[in-house]
Amino acid sequence: MATIAENIQEQHERIAKACAQAGRSVQSVTLLVVSKTFPASAVQAAFEAGERRFGENYVQEGLDKIAELSALRPQLEWHLIGPLQSNKTRPVAENFDWVHSVDRLKTAERLAEQRPSHLPPLDICLQVNISAEASKSGLLPGEVASLAQAVQALPRLRLRGLMAIPEPAADFETQRQPHRALAALLAALNRDLGLAMDTLSIGMSADLEAAIAEGATLVRVGSAIFGARQSTT
Ligand SMILES: *Cc1c(COP(=O)(O)O)cnc(C)c1O
């Protein structure tokens with residue numbers, strides 16, 4: 001079985017190849033290591049392999065790991081990528097560096113209010129339900145502009161970009177379509193609203209090549225690094 005370090009190396013090779021094919025520089029894509037359901041020891045192994053950015057889905061699980069790895073905290077960047085209820089915002093504002101899953105003004109307002117002033121602004125992505133699936137969280141594309149403007153105006157937050165979890169698709173061309181739609185939405189919002197969003201958070205283990213082809217700047221990779229998860233999320 002491949003080690004975590006070997007799997008990480010392989011993901012960097014996938015990213016480099018996809019960047020080369022898209023005519024993009026490899027520095028334009030960041031790897032976010034998704035450690036949800038895996039223990040702090042797995043994060044430690046990824047850290048030792050050189051990784052510094054980690055993504056968690058569940059607030060409490062993330063907080064536990066952040067606490068367990070507090071000795072590494074200054075070197076780590078923690079991203080919340082899973083759903084955030086507005087009654088759980090305080091520990092997130094106090095402990096995470098990024099939130100990718102903002103899809104309600106109330107959540108953003110609470111994060112802004114609760115972000116401690118001694119910390120840098122919290123980096124925010126708005127989650128878009130780009131495949132318009134009934135069961136998915138996230139804003140519909142037509143709802144993004146008004147929330148983007150509102151978040152832009154809040155203190156202690158920095159609006160960085162858009163995040164999506166497209167419907168899984170087996171073939172490359174089908175995978176590209178929602179990624180392309182999200183990239184177009186980001187470009188249109190920057191142009192029409194005068195924003196400077198720089199982050200397109202798309203691409204996971206199964207589709208990072210398609211996401212990079214369409215402009216992903218941050219790919220969120222879990223199972224290709226740590227193996228299959230027990231629970232499905
Ligand atoms: C679990 C998860 C990932 C990682 O998915 P893999 O298929 O394991 O790479 C990325 N983004 C979100 C929002 C997730 O929940």
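Shown above is the structure to which this text applies.
Chains are numbered independently. Their residues run from 1 in the order of the written sequence. In keeping with the model being predicted, local features are shown solely for residues with a pLDDT of at least 70 and side-chain atom pairs are shown and tallied solely at 80 or more, while totals for entire chains, interfaces and linings include all residues. Excluding hydrogens and water, the side-chain figures rest on all heavy atoms present in the structure.

Participant: I tried to follow the overall build of the protein chain on my own but got confused; where do I start?
Facilitator: Helices and strands together make up the secondary structure of the protein chain, namely 9 helices and 8 strands. For this measure, only C-alpha atoms enter the radius of gyration; the expected value for a globule follows 2.2 Å times N^0.38, where N is the number of residues. A compact globule built from 233 residues would reach a C-alpha radius of gyration of about 17 Å, and the protein chain, at 17 Å, matches this within 12%. Dimensions of the protein chain along its principal axes, counting C-alpha atoms only, are 45 × 40 × 35 Å. For the protein chain, with 233 residues in total, the buried portion stands at 49%. Contact criterion: two residues are considered in contact whenever any of their non-hydrogen atoms come within 4.5 Å of each other. Of the contacts made within the protein chain by residues no fewer than 6 positions apart, 60% connect residues no fewer than 24 positions apart. Think of it this way: any DSSP run of H or I at least four residues long counts as a helix, any run of E at least two long counts as a strand, and we number them from the N terminus. Each residue's exposure class comes from its accessible area (1.4 Å probe, protein chains only) as a fraction of the maximum for that residue type: buried when under 20%, exposed when over 50%, partly exposed otherwise.

Participant: Would you mind showing me how to read the pairing of strand E4 (residues 98-102) here?
Facilitator: Remember that side chains alternate between the two faces of the sheet whenever the strand is regular. Extensive coverage of E4 is indicated by the burial of 5 of its 5 residues. Two strands pair if DSSP finds at least two bridges between them. Of the pairings in the sheet, the one linking strand E3 (residues 77-80) to E4 comprises 2 bridges and is parallel in character. In the sheet register, Leu80 faces E4, and the bridge partner there is Val99. Look down the strands so they point away from you; if going from the first strand over the helix to the second traces a clockwise path, that crossover is right-handed. Crossover connection from E3 via helix H4 (residues 89-95) to parallel E4: handedness right-handed. As judged from the 3 bridges shared by E4 and strand E5 (residues 122-127), these two strands associate in the parallel manner. Pairing of Val102 across the sheet is with Leu126, part of E5. Crossover E4 to E5 through helix H5 (residues 105-114) is right-handed.

Participant: Is there a simple way to explain the state of the cysteines in this structure?
Facilitator: As used in these notes, a disulfide is a covalent bond between sulfur atoms, one from each of two cysteines. In plain terms, two cysteine sulfur atoms within 2.5 Å form what is called a disulfide here. By the definition in use, this model includes 0 disulfides. Residue Cys19 stays outside any disulfide, its sulfur separated by 18 Å from that of Cys125, the closest cysteine. Relative accessible area serves as the criterion here: at 1%, Cys19 is assigned to the buried category. A relative accessible area of 0% means that Cys125 is categorised as buried.

Participant: For this particular structure, what's the right way to read the pairing of strand E6 (residues 157-163)?
Facilitator: Most of E6 sits out of view: 6 of its 7 residues are buried. Relative to E6, E5 is paired through 6 bridges, and the arrangement is parallel. Counterpart to Cys125 in the pairing with E6 is Gly161. Crossover E5 to E6 through helix H6 (residues 144-152) is right-handed. As for the winding sense of the linkage, the β-α-β connection from E6 through helix H7 (residues 172-193) to strand E7 (residues 199-201) is right-handed.

Participant: Looking at this structure, how should I read the site of the ligand?
Facilitator: Only heavy atoms are used to decide nearness, and a residue is near a molecule or strand if one of them lies within 4 Å of it. Around the ligand, the surrounding shell holds 13 residues, and the nearest of these are Lys36, Ser205, Arg220, Ser223 and Arg229. Side-chain atoms alone can form a polar contact between residues adjacent in sequence; in general such a contact is a pair of N or O atoms within 3.5 Å, and within protein one must be able to donate a hydrogen while the other accepts it. The separation between an oxygen atom of the ligand and a polar side-chain atom of Arg229 is 2.7 Å. Calculation on the ligand without its partners gives an accessible area of 390 Å², and the protein chains cover 92% of this total. In this classification, Asp, Glu, Lys and Arg are treated as charged, Ala, Val, Leu, Ile, Met, Phe, Trp, Tyr, Cys and Pro as nonpolar, and every other residue, Gly included, as polar. Classifying every residue of the shell around the ligand gives 5 nonpolar, 5 polar and 3 charged. Under the convention used here, a 1.4 Å probe and the Shrake-Rupley method define accessible areas, while residue burial counts only the protein chains that appear.

Participant: Any chance you could explain helix H3 (residues 59-68) here in plain terms?
Facilitator: Because an α-helix packs 3.6 residues into every turn, residues spaced three or four apart end up facing the same way. For H3, every residue scored as buried is listed here: Val59, Gly62, Leu63, Lys65 and Ile66. Buried residues of H3 fall within an arc of 165° about the axis and therefore sit on the same side. Facing away from the buried side of H3 by more than 90 degrees, the exposed set consists of Gln60, Ala67 and Glu68. Here the buried face of H3 lies against helix H2 (40-48), strand E2 (53-56), E3 and H4. In this context, the arc is that of the directions from the helix axis out to the C-beta atoms.

Participant: Can you walk me through the environment of Ala20 in this structure?
Facilitator: Tracing the backbone shows Ala20 in helix H1 (residues 4-22). We classify Ala20 as exposed; its relative accessible area is 58%. For the pair formed by Ala20 and Ile212, sequence separation is 192 residues and the distance between their alpha carbons is 10.0 Å.

Participant: Would you mind showing me how to read the packing of aromatic side chains here?
Facilitator: The geometry of an aromatic ring pair comes down to the distance between the two centres and the angle between the two planes. Centre distance within 6.5 Å is the pairing criterion for rings of Phe, Tyr and Trp, where only the six-membered ring of Trp is used; planes under 30 degrees apart are then read as stacked, over 60 as edge-to-face, and the remainder as tilted. Counted by the stated rule, this structure contains 2 aromatic pairs. Between Phe54 and Trp78, the ring centres sit 5.7 Å apart and the planes meet at 40°, which makes this aromatic pair tilted. In this pair, Phe54 sits in strand E2 while Trp78 sits in strand E3, placing the two residues 24 residues apart along the sequence. Each member of the pair Phe54 and Trp78 is classed as buried.

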